[in-house]
Structures are given as structure tokens and as C-alpha cells.
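Residues per chain are reported as follows:
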There are 2 protein chains.
Amino acid sequence: MRILLKNGTVLNVFTGEEEQVQVLIENDRIIGVGDYDEQDADETRDVSGRYICPGFIDGHIHIESTMLTPAEFARTVLPHGTTSVMADPHEIANVCGADGIRYMLEASEGLPLTVYIMLPSCVPATGFDESGAVLTAEDLEPFYSHPRVLGLAEVMDYPGVIARNEEIMKKIHSALRHRRTVNGHAPLLFGRELDSYIAAGIGDDHECSSVQEAKERIRKGQRVMIRQGTAAPNLRDLLPLMEEPWAHRCLLVSDDKHAADLLNNGHIDASIRVAVQNGKNPATAIRMATLWAAECFGLRGVGAIAPGYTADILILDDLYQIKIRDVYQKGHMIVENGRMLPWSPPAVHPDLEKNIRSSFHINVLSEKDFYMEQPGVRRCHVIRLVKHQLITEDWGTDIDFGKENGVDLNRDILKIAVIERHKNTGHKYIGFISGTGMKRGAAASSIAHDSHNLIIIGTNEADMAAAGNQVREMGGGCVAIDNGNILAELPLPVSGLMSDASARTTAEQNQKLRESERLLGVSSDVELFMLMAFTSLPVIPHLKITTQGLVDVDRQQMIPLYE
Amino acid sequence: MRILLKNGTVLNVFTGEEEQVQVLIENDRIIGVGDYDEQDADETRDVSGRYICPGFIDGHIHIESTMLTPAEFARTVLPHGTTSVMADPHEIANVCGADGIRYMLEASEGLPLTVYIMLPSCVPATGFDESGAVLTAEDLEPFYSHPRVLGLAEVMDYPGVIARNEEIMKKIHSALRHRRTVNGHAPLLFGRELDSYIAAGIGDDHECSSVQEAKERIRKGQRVMIRQGTAAPNLRDLLPLMEEPWAHRCLLVSDDKHAADLLNNGHIDASIRVAVQNGKNPATAIRMATLWAAECFGLRGVGAIAPGYTADILILDDLYQIKIRDVYQKGHMIVENGRMLPWSPPAVHPDLEKNIRSSFHINVLSEKDFYMEQPGVRRCHVIRLVKHQLITEDWGTDIDFGKENGVDLNRDILKIAVIERHKNTGHKYIGFISGTGMKRGAAASSIAHDSHNLIIIGTNEADMAAAGNQVREMGGGCVAIDNGNILAELPLPVSGLMSDASARTTAEQNQKLRESERLLGVSSDVELFMLMAFTSLPVIPHLKITTQGLVDVDRQQMIPLYE
């Protein structure tokens, strides 16, 4: 089947030129760019007055962060012109291990979006936590034979790399031996330490928040992924990179993007729009989003309108609004005039699907499980939230266990619990948290970085148990409960991280969840569920909590609750 | 072992900037670029006032064309700053098959020059000839596991590619399946045919002789190798490519370069000098000769002064004369102040060495072997040389076999013979050639593209036999003989293509050979040995000769001598 795209203006991503040429597609590939006419094709589509450019590539995303399944994610981003993503299934791998990676591969097989997989490098993220799985270099090795696996995902353990720790170096060497890419993650690393990190073979970074940080990395040979995530929109700060000699060493990524953000603002197209609205050349932004992204991963034949390239093609009304009219993926029109054409999601093997959907293993909880057997007053380490940040403080204060078993709403001191949920070990730890402003009820979630155990913050033990039990009932998800009544819930049955509902439903449920935070009395400037999800991540300073206890992140050691 | 290069100016090939930074080397790698001092190193070398840039890369060369062994080639080009080459052992493979490739790999193992190998795609070049070997896709396959094999060398059979012939497509697909590069060779192909050729997966071209030709290729996604060969110096014509948006898709190559040219003018450094002298930015030319060359082959960690990169480093006195002072290869200083430091060539396995040096198999020749049993006058096809070109004409004329057995010095008609020399089959063919101007004696050579059989042009049968026998005695080489006396000879015992003498000796012998052409009476504007070497290559129009007979190149068929 040959299709001719006639009378359009092609954006040549090799040169940045606009060319008046015809594009001939055969099956999944572009076979000609130049003088072709109707007689060369089975079907001719006139795209007069429109632009033809390659489909956009997101060089780094965690699909789980959208809370959507790969199919629903595809449905959401395709109308925005995304035809390929490099996904790091770090979250689901921390829950389901190699099966999590297998699920993401199977659930994206044959999608009208090409989902390349980068193998998660840090499962678990630290040794202080109980993740659902441990992935060694040997565990990752077999995945390199999969045609959609492009390398090793963000190596967050930069101290380990700088120290040349054996296990992380094995993972890096394995990727390099397979001639694949190793993605970086090293915020605010400079000078010698950065040199050492890069010299280990780390090819890029997506954590740059300043031009200075980015330029040092580009000068030292890394490619810079300009991130525009929902919670980390770095693009405006990095706009100066969208000029040479920097631009051709950059690409556009989203990292973590919420469903509502994708629906309302878009995906990589949104980054391009921001760039263009700030006076940047649209051709440069599109080259970053296409060819230069492919080059970062050593991908051949993707990211350009040229002979032999995969026919991932966008028809745009203009290069300023970046209004996407039609989307071709592998030569098939999948979005026509902004409207998604019908397609069916891939089938995942029933055993695997069942496994991924049975990720939540705890016994029914009772009020008693949250009660602390401690008489009188003790001085305790309390996790204190810092406004608008993910870091927390270690607040030493007296807790009177005689009153409300330690909860003190006047001083904004609540209970926080983390309960192991992967293997039903019964492991749990209960501590105190301050700074939420919550006045009643409890909130529970199965999203708790990076091990994704059950995390609960509450004003009383009964609601904490009820919230935990409701998450258990849903097989994963988020819930807000007050006095036994469900205020809002977001079921995440797919590994406790992803919804099986549509993007719109998921976004609406998430919105109601956000609104329920106010009903619990949470301060208006606190995003409770988001902050709660990071309170268990002992790589962000200063005091965090896991199933194993409190972690002093700065000293990288466990500490007791009592001072 | 850590070495610090202090106080130099680094040319940053990622950005084109000049940076005042220290460079720290550990063993074979650069480990730091920035603020380092003596205390970080075992040894500090002050390079104040000098430039530091990556070693030059020649992206496409046939080492056999220099007539030097890999070790002697390395000795010749290292002082010119070349630290890596991508070599296509097409010539030796046509003589010795897979053993020829093995020899080039073994003879370059551990050299202070990194010799990457591209696997010859067209052995034999055509079916009209008798080469020493046939290399199928299956024969090439095992070589992809060698760490220095980067892909498939120039695919000259563009009609075969456009027709999607099974055997050539198998070779291409094999390279692509191994995620390697496929080099192109498609002079003067444009439009649809070029699209079809590129779409097969051909990544670059080194045959461009015009800017128009090059720009079409770059727009269609190929990289363009700007060739500056001894006989094909395209650089001046292609200088306009040394500006963006073209430059970053180009690299510098030599293809075929004679020993004398390397000694007298240089290698890749000579191309950079020509560019700079013509007003081009030296940084752009050096980026083409380093990082962008590495990128063409998907090579990581080579071609830049950056952490983790191989310490192939040049210390230059300036960026205009490109005067190379010191050369580091894999962290070892190999050229100091323009002088080569001592090193030993690698040992090739004795059996393989013996095999490569016993490539010449024919019986002793006699006058009779060149005598044509034909009475009277016959109208014949005569190969007629065209001034300053490799193409020949098919000249139909009457030959009187009764006089001098057909040789007619008045009409400049000589005998030309091609004799199978690989397997001693006794196959030979004798025809007529016009346009050399030769008045006496004979010339013989074992360089006869692409099969490299024994080729002889002569004014009489006795000298033809004597010339052939002398080449046989040398085990390959070139010789000019007059009345039984040797006027000049160039022994090429290594597969009949390469000398085992030094570059200087080889160049001198070649010079004497060139001068002997005049002693034979050859016209002053004819390069006899060079033209003779191409008279057997039936891919260049119009009439050529092989051991099988005359080839009408335009119709791609054998024709009889007699009309």
C-alpha cells in the first residue's frame, strides 16, 4: 500500500529547511521524498498549505506517573503528535520486578505508539526499604534482546557510580556492551564529581534546572533532556539552550506528567509551543523533539521525513500553534483531523495480567494496628514538611502518648504509617508527621516512592485502618476517608499504580481526590497525596519513613523514633 | 597512571568553543576536563599556548591503496594526527577472501592507530571476473562479533540495491540487525533512484563531487564523507558544505591515498589545512574530522576531549597551520614534538602471514602464451583509453595478425593480457589496447581492480612474458621491462597489493616505476600503471577486459574479441 502526501511543506530535520516536496509512503516506511505524483501511489492525500514533520519523541517518561495504562496513555498523547516514547518502568518494576517490565512491553506491543523501554537501573532505589522486587544486572540482561529495549534508564544512584560500586557498574557495563544508551540523573552535580559520573558511561541528563548546569553537561559530552514535567517544568529556565551550539545536543522530555496535564495542555507539543511562544525557532524545537531525540538513543531510521525512515508523520496546520491535524504511525493514519481513529489495545498474557493486578497483599487492618504501645511522654523524631518542597525536616519534639496516642491536632502532629504490601510480611512502621494541616479523617495510598508500599496519614487510628482497608479492597489506589466515610477514591488496580479507566475518568477522580484534601482540613498550599508519596523516599533529605523505620537521609542510616 | 595536560586550550567539539581547561588522563581514557592540578596526576605536562583536540578519524580508506602494511600505514599517518581509521579491506578480500579481512584485523591489533574494519560488501565486484574469493553474507556474519568491526563497507552495487537483489540485501540487513552502519557508494545517483538506494538502509556516501549532489544526500538523511583522495580530491568542490546546516552531517575521508601523498602532504590534517586556507572555520573542519566522524558510525566515547572518552589526543601549535606537535593514542604519547616514539608492529599468526604472502599462483610464462593463433586480418574490439579518465572506448578496427601478431605501434595498438593468478587455473585472455603511446617493452602488475589478477600491456610477447614472470618471482608487484631488462620494479609480496618496505622506500619505488613509463615511450599525460589497474574493472564504462574476455560494460555482457 502506497500513500502519497501531496503539496505539503516538509520540515527537514537534518537541515532545518522547509521543503516543497512530495512524500511517498509504502506500508510502514517513507520510501521517497521529492518529485512523486499520483501514479506512484495507491492513494493520494492533498495536504496543501500544511506542514509535514516527523512524529514527536518523548525521550524520558514514566508512564506509571500518568496513572494510565500504556494503551490509555497512547490514546491520550497521540492526538498531541507523540508517536514514540522512551519509557522507564521504574515504578512498576519496584512493585512487580521483571514481570513489571514484561507487562509494560506486552501492554505496549503493537500499540499505535512506539513505546521503547529503558531498563530500570535502581530497583530498589535504596536498601532502607522493602520493594516488591530486586533487579540485578543479571535480571536485566535478557531484556536487551528485545527490539524495543534501548538501554539502561536513569542511573539515580550517582554516589554509587562515583564510588564505582560493583552492582551499578555491572548494569552500566552490560548496557554499553550491548551498544545501548545509559540515561543519567544527577541534579546539581558539578566539576570533578560530574566528570566521574559521566566517565562511567552516562550519556545524558534530564535533571538540569539551570542553563549553567546544562551547559557544563553538554560541554562534557552529555545530551541534555529538557524536562517539562507536571511538577518539574524546567523548560522556561532552559530556553537559552534552544540556540546553537547547544540545541543539537538537547531533546524534549516529560519525565512525570499527570493525565490532566496531558489532556489539558498536551505533551511534547506543549513544550514546543512554549518554546515558540518565547521566540524560539519552531524548527529547532521540532528537531529536538524528533531527530535529535532519536540520535540520543542511537536509534536509526526514526525521527525524520526521509527515505527508509519509519512513517511516523504529523500533518500540522502551522508551525506556531503546533496544531496537529493528522498523525500517521508506521504509515497508518491514526489521528485524522484531530480525531483518534479506532484501534484495539494489545492483549497481555492472562497470567501476567492477573499477576500485575494482584499486587496488593496485606491482611485486613484494624484500629489496633495503628496504636502505639507507649505510655507517657517521649521525645520523638517527627517528619516535618517544608512548604512547596519534597525535602522534609527532622523535628525533635515531645509526644504525649497519653493523649490521643500521640496525635496532637493543635500542634499539627499526625500519625504516618508505612505497611509492606508486596509479600504480606506484616512489616510496618508508624511515626509522626507535621505540616499537613489535616484536621480529620485519614488518607491512604499505594503510591509511595519508590517501593510503593501502603502509606497512610491520619488523625485517628480508626480512619487510618478504614483508609488502608479501602485501598486493599481496590487492589491499590488512593482514598480519603472521614469518620468511616469515603470522601474520594482513585482505584489503581494495575500494580497499585495505574488505573484501568480512561484518562478523563482518571483525571476526574484525581481531581476529586485533590478536592477531598480540603475536606480533611489539609492546608490549601499542601498537595497531600503527592507529598505523602515522597515521604517514603529515602534519597530526598532529610527525614523519611519506610516499613523498616525512620531514615536519616543525610547520614544514610536508620534512626529510632525516640530520641 | 594519571597524566595531566596543563594550561592548554581545548577545542570542544560538542560546541565548537575554545576552553581554557586542564585535561586529566587515566590509562587509556580521559577522566576529567576542568579544574585539576598536579596533585591529581602522576605526571604533568605543560602545554601552555598550545591547542588540545581529539585525534583525527579517517572515515573511509582502503589501506591497500597506500601499498603499505597496516603497521607502516600507522607509522605514516600518526605524525599527521590520525588516531583512528575506518578501513575497508576490499582489495585484499578480493584476493584472499575472509583471510584477507582476518589479516587486516590481526596486522592492526594493538597498533597505536585504531583500525576499525568495515566489511567489504562486493567481493567479487562483478560476475565477469575471477577474483580470489567470494564473500557471502554468511561469510561476513561472524566478523560482526569483532569489537573493531563497525559495519558493511561501501555498497558499490547500487543497481543491485535498487533492484533489491537478495544477496546484497542480505548483507545490508545483517549489518543493520547488528545495529551497525552501512556505507554507501553511489556517484551521480539522484531523485527516485537515490531514494530507493538510501531507503535500503545506506547511511552515507563518499562519492559526491558536487555540492548539489551532497546537499540532496544530506537532506535525505545520509552523512556525506568529503573525500580528498590522491586521484579524487573532491574537497575544494565541496568546501561550501563546511558551513551549517550541512557541516555537522559531514566527515573527512581519503578513500585512496598514495604513500607519497601521505608523506608529502599529509592525511586528514591536509584536508583541514585546505579548508582553513580557504577561509573555513578550523573548529568546524576539526569537528568533521573527529566527533562527527565517530557519530556517523555510532561510535561512543571516541572523537572528543571529554570524560570517559578514549584518550586519543593531539597537541597542536596552532589551529591554522594544523602543525601537530604531540599525539596521544589511548593515553600513550606516540608522537612527541613531531617525532614518532618507538613501538613494535603486531605479530600476525605465521600460517596467516604465509597464506597472505603466497597469493600469487601462476606457472612460468613464455612468449607463446601471448601469441594469438589467428591468420590474416580481422576486425576487432580494441580498448581505447580516454585522456585523464578511467572510462575507455570500444574502438572497432581491423587488426592484421600477419604483422607482429596484431601489434601495430604506428596505430598505437598494443596487446593487453589478464591472467588468473589466484588459483593457477591457467585462465587468461588477450586483447588489444590503444592510447598508451608505449613504444617498447612491457609493463605488468598484480594490482588490477577489483580481482587483482596479473595484468600485462606490451609491445611484444617476449617482454610481456618476462614482465609477468618478474611479477611472479616477486610474489606480486609491478614491473616495467624493456628487451628483457628490468627498468623498474615495485615488489608487493603482501597479497600482491602491499609492500613490506617502509613508506619512503615504497614511495621511491613507485616514483621510479612512474619514471620508467617514459622509458617505455608512454605518453607523458598517461599514468600507465594506474590506468592499467582499472582496465580490468567492468563497472566503469565502456570496454574492459578480464580473464573471461572482453566486457561491454554498458550492456553488462561479455563480447567476443572479433566483431
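To keep things clear, this report deals only with the structure shown in the data block. (Residues numbered from 1 in each chain as written. Chains lettered and ligands numbered in written order. Predicted model: local features only at pLDDT ≥ 70, side-chain atom pairs only at ≥ 80, totals over all residues. Heavy atoms only, no water.)

1. Description of the interface of chain A and chain B
Residue-level contacts link 39 residues of chain A with 39 residues of chain B. Buried area between chain A and chain B, summed over both chains or domains, comes out near 3100 Å², and the portion from carbon and sulfur atoms is 44%. For the pair chain A and chain B, the number of links is 10 salt bridges. Between Arg192(A) and Asp40(B) there is a salt bridge whose closest N-O contact spans 2.6 Å. Viewed at the interface, chain B and chain A are joined by 16 residue pairs in polar contact (both at pLDDT 80 or more). For the side of chain A that touches chain B, the secondary-structure elements that each account for two or more residues are strand 5 (29–34), strand 11 (149–155), helix 7 (191–199), helix 8 (211–219) and helix 13 (291–296) of chain A. Class assignment of the residues belonging to the side of chain A that touches chain B gives a composition of 16 nonpolar, seven polar and 16 charged. (Contact = heavy atoms within 4.5 Å. Buried area = accessible area lost by both parts, 1.4 Å probe. Salt bridge = Lys/Arg side-chain N within 4 Å of Asp/Glu carboxyl O. Polar contact = N/O pair within 3.5 Å; in protein donor to acceptor, adjacent residues only side chain to side chain. Helix = DSSP H or I, 4+ residues; strand = E, 2+ residues; numbered from the N terminus. Nonpolar A, V, L, I, M, F, W, Y, C, P; charged D, E, K, R; others polar.)

2. Description of the sheet that holds strand 14 (residues 223–227) of chain B
In a beta sheet, neighbouring strands are held together by backbone hydrogen bonds and run either parallel or antiparallel to one another. Residues and elements named next belong to chain B. Taken together, three strands build an open sheet; the order of strands is 13-14-15 and the sheet is parallel. Looking at which strands have only one partner, the edges of the open sheet turn out to be strand 13 (204–205) and strand 15 (250–253). Relative to strand 15, strand 14 is paired through four bridges, and the arrangement is parallel. By the bridge assignment, Arg227 is partnered in strand 15 with Val253. (Pairing = 2+ DSSP bridges.)

3. With respect to helix 8 of chain A
Three- or four-residue spacings in an α-helix give side chains the same orientation, since the helix completes a turn every 3.6 residues. Residue and element names in this part refer to chain A. Within the sequence span of helix 8, burial applies to Val211, Glu213, Ala214, Glu216, Arg217 and Ile218. Buried residues along helix 8 sit in contact with helix 7, strand 13 (204–205), strand 14 (223–227), helix 9 (235–238) and strand 15 (250–253). Residue Gly221 follows helix 8 closely and has a positive phi angle near 100 degrees. (Buried < 20%, exposed > 50% of the residue type's maximum accessible area, 1.4 Å probe, protein only.)

4. A word on the packing of aromatic side chains
For the coordinates displayed, the defined rule picks out six aromatic pairs over all chains. On the numbers, 5.9 Å between centres and 75 degrees between planes, the contact of Phe14(B) with Tyr309(B) is edge-to-face. Taken together, the positions of Phe14(B) in the loop between strand 2 (9–11) and strand 3 (18–19) and Tyr309(B) in the loop between helix 13 (291–296) and strand 16 (313–316) put the pair 295 residues apart, joining distant regions of the chain. The same class applies to Phe14(B) and to Tyr309(B), which are both buried. Residues Phe401(B) and Phe432(B) carry aromatic rings whose centres are separated by 5.7 Å and whose planes lie at 65 degrees to one another, so their mutual orientation is edge-to-face. A residue pair is termed long-range when its members are at least 10 positions apart, and Phe401(B) in the loop between strand 21 (392–400) and strand 22 (413–419) and Phe432(B) in strand 23 (residues 428–434) qualify at 31 residues. Phe432(B) matches Phe401(B) in its accessibility class, with the two residues each being buried. Taken together, the ring pairs in this structure connect Phe401(A), Phe432(A) and Tyr562(A) into an aromatic cluster. Sitting above the plane of the Phe190(A) ring, Arg217(A) keeps its charged end 5.8 Å from the centroid. Between the NZ or CZ atom of Arg378(A) and the centre of the ring of Tyr562(A), over which it lies, the distance is 4.3 Å. (Phe/Tyr/Trp six-rings, centres within 6.5 Å; stacked < 30°, edge-to-face > 60°. Lys NZ or Arg CZ within 6 Å of the ring centre and 35° of its normal.)

5. Considering the pairing of strand 11 of chain A
Residues and elements named next belong to chain A. Along strand 11, seven of the seven residues are buried, which leaves the element largely enclosed by surrounding structure. Inspection of the sheet shows strand 11 paired to strand 12 (residues 181–184) by three bridges, in the parallel sense. Bridge assignment links Gly151 to a residue of strand 12, and that residue is Thr181.

6. Section: helix 1 (residues 70–77) of chain B
With seven of eight residues buried, helix 1 of chain B is to be regarded as a mostly interior element. When we look at burial in helix 1 of chain B, the residues that qualify are Pro70(B), Ala71(B), Glu72(B), Phe73(B), Ala74(B), Thr76(B) and Val77(B).

7. Quick word on the relation of the copies chain A and chain B
Superposition of the two copies of the chain requires a rotation about an axis together with a shift along that axis. With an axial shift of 0.0 Å and an RMSD of 0.0 Å, the rotation relating chain A to chain B amounts to 180 degrees. Read as a symmetry element, the transformation amounts to a two-fold axis. Relative to the rotation axis, the closest C-alpha in chain A is found at Gly298(A), a distance of 3.4 Å. Interface overlap between copies: 100% of the residues of chain A at the interface are likewise at the interface in chain B, consistent with a symmetric, same-surface contact. (Least-squares fit on C-alpha atoms with pLDDT ≥ 70 in both.)

8. Some details on the pattern of salt bridges
Counting across every chain of the model gives 75 salt bridges over all chains. The salt bridge partner of Glu141(A) is Arg177(A), with a shortest N-O separation of 3.5 Å. In this pair, Glu141(A) sits in the loop between helix 4 (137–140) and strand 11 while Arg177(A) sits in helix 6 (residues 166–177), placing the two residues 36 residues apart along the sequence. Assessed through its relative accessible area of 27%, Glu141(A) is described here as partly exposed. You can call Arg177(A) exposed: its relative accessible area is 56%. Arg379(A) is the salt-bridge partner of Asp398(A), the closest N and O atoms lying 3.6 Å from each other. You can see Asp398(A) sitting in strand 21 (residues 392–400) and its partner Arg379(A) sitting in strand 20 (residues 377–385), a full 19 residues away along the chain. Here Arg379(A) falls in the partly exposed class, since its relative accessible area comes to 39%. Among the charged side chains, a network of salt bridges with common partners joins Arg223(A), Arg249(A), Glu295(A), Arg223(B), Arg249(B) and Glu295(B).

Keep in mind these numbers describe shape, not what the thing actually does.
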